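Okay, here's what each chain looks like letter by letter:
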Amino acid sequence: MTRLSLTQRGERRVLHAQDHAPDIRVCAAVSALTDALDIFLHNAPGVYLEAEALGSGGMYLSFWGGGERVQGAWEMAVLGLLAVARAAPEAVEVQVDLPGLQTAQRGDGRTVEA
């Protein structure tokens with residue numbers, strides 16, 4: 001199961017992904033979203049990548065800055081990952097702690113308000 005943790009405190013945002021989903025299509029969907037965010041951050045002006053670790057079955061990004069465009073990309077990635085978790089609840093678990101949104105999308109597909 002792929003486990004994702006997405007948090008935001010002020011302008012600091014953190015994405016932590018670990019493990020592989022059992023279905024390669026689900027893994028590909030998660031990877032497409034997380035990789036697209038990573039590529040965007042490397043090309044967006046004003047972004048400070050505080051920490052970045054990429055590997056097979058895992059990713060850790062900690063970043064801040066970049067203004068509204070980066071916030072929009074971050075929110076789109078978060079919503080996309082939640083959509084993947086909703087479509088494949090047996091394969092993806094997402095915990096989100098963002099201003100105005102604190103939920104955990106569990107592996108069984110149930111959303112739990114924090």
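Further up the page is the structure itself.
Being a predicted model, the structure only gives us computed values, none of them experimental.

Considerations on the packing of aromatic side chains
Piece 1. Per the stated rule, a full pass over the model turns up two aromatic pairs.
Piece 2. When the ring of Phe63 is compared with that of Trp74, the centres are 5.7 Å apart and the planes differ by 75°; the resulting orientation is edge-to-face. Taken together, the residues Phe63 in strand S4 (residues 58-65) and Trp74 in helix H2 (residues 67-87) connect sequence positions eleven residues apart. We note that Phe63, like Trp74, is buried.

Quick look at H2
Piece 1. With 21 residues, H2 extends 31 Å between its outermost C-alpha atoms, agreeing within 8% with the 30 Å of an ideal straight helix rising 1.5 Å per residue.
Piece 2. By the burial criterion, the buried members of H2 are Val70, Gln71, Ala73, Trp74, Ala77, Val78, Gly80, Leu81, Leu82, Val84 and Ala85.

Remarks on the nonpolar core
Piece 1. Counting residues in hydrophobic clusters, the biggest one holds 30 residues, and the most contacted among them are Leu6, Leu15, Leu37, Trp74, Val92 and Val94.
Piece 2. Listing elements by their share of this core, those giving two or more residues are strand S1 (2-9), strand S2 (12-18), helix H1 (24-43), S4, H2 and strand S5 (92-98).
Piece 3. Excluding anything up to four places from it in sequence, Trp74 contacts Leu6, Thr7, Gln8, Arg13, Val14, Leu15, Leu37, Phe63 and Leu98.

Section: the pattern of salt bridges
Piece 1. In the structure shown here, the tally under the stated rule is four salt bridges.
Piece 2. As a salt-bridge pair, Glu50 and Arg12 come within 2.6 Å of each other at their nearest N and O atoms. You can see Glu50 sitting in strand S3 (residues 47-55) and its partner Arg12 sitting in strand S2, a full 38 residues away along the chain.
Piece 3. Glu50 gets classed as partly exposed once you look at its relative accessible area, which sits at 38%.
Piece 4. Here Asp23 makes a salt bridge to Arg25, at a shortest N to O gap of 2.8 Å.

Procedures and definitions
- Residues numbered from 1 in each chain as written.
- Predicted model: local features only at pLDDT ≥ 70, side-chain atom pairs only at ≥ 80, totals over all residues.
- Heavy atoms only, no water.
- Phe/Tyr/Trp six-rings, centres within 6.5 Å; stacked < 30°, edge-to-face > 60°.
- Helix = DSSP H or I, 4+ residues; strand = E, 2+ residues; numbered from the N terminus.
- Buried < 20%, exposed > 50% of the residue type's maximum accessible area, 1.4 Å probe, protein only.
- Expected span 1.5 Å × (residues − 1).
- Core = buried A, V, L, I, M, F, W, Y, C linked by side-chain atoms within 4.5 Å.
- Contact = heavy atoms within 4.5 Å.
- Salt bridge = Lys/Arg side-chain N within 4 Å of Asp/Glu carboxyl O.

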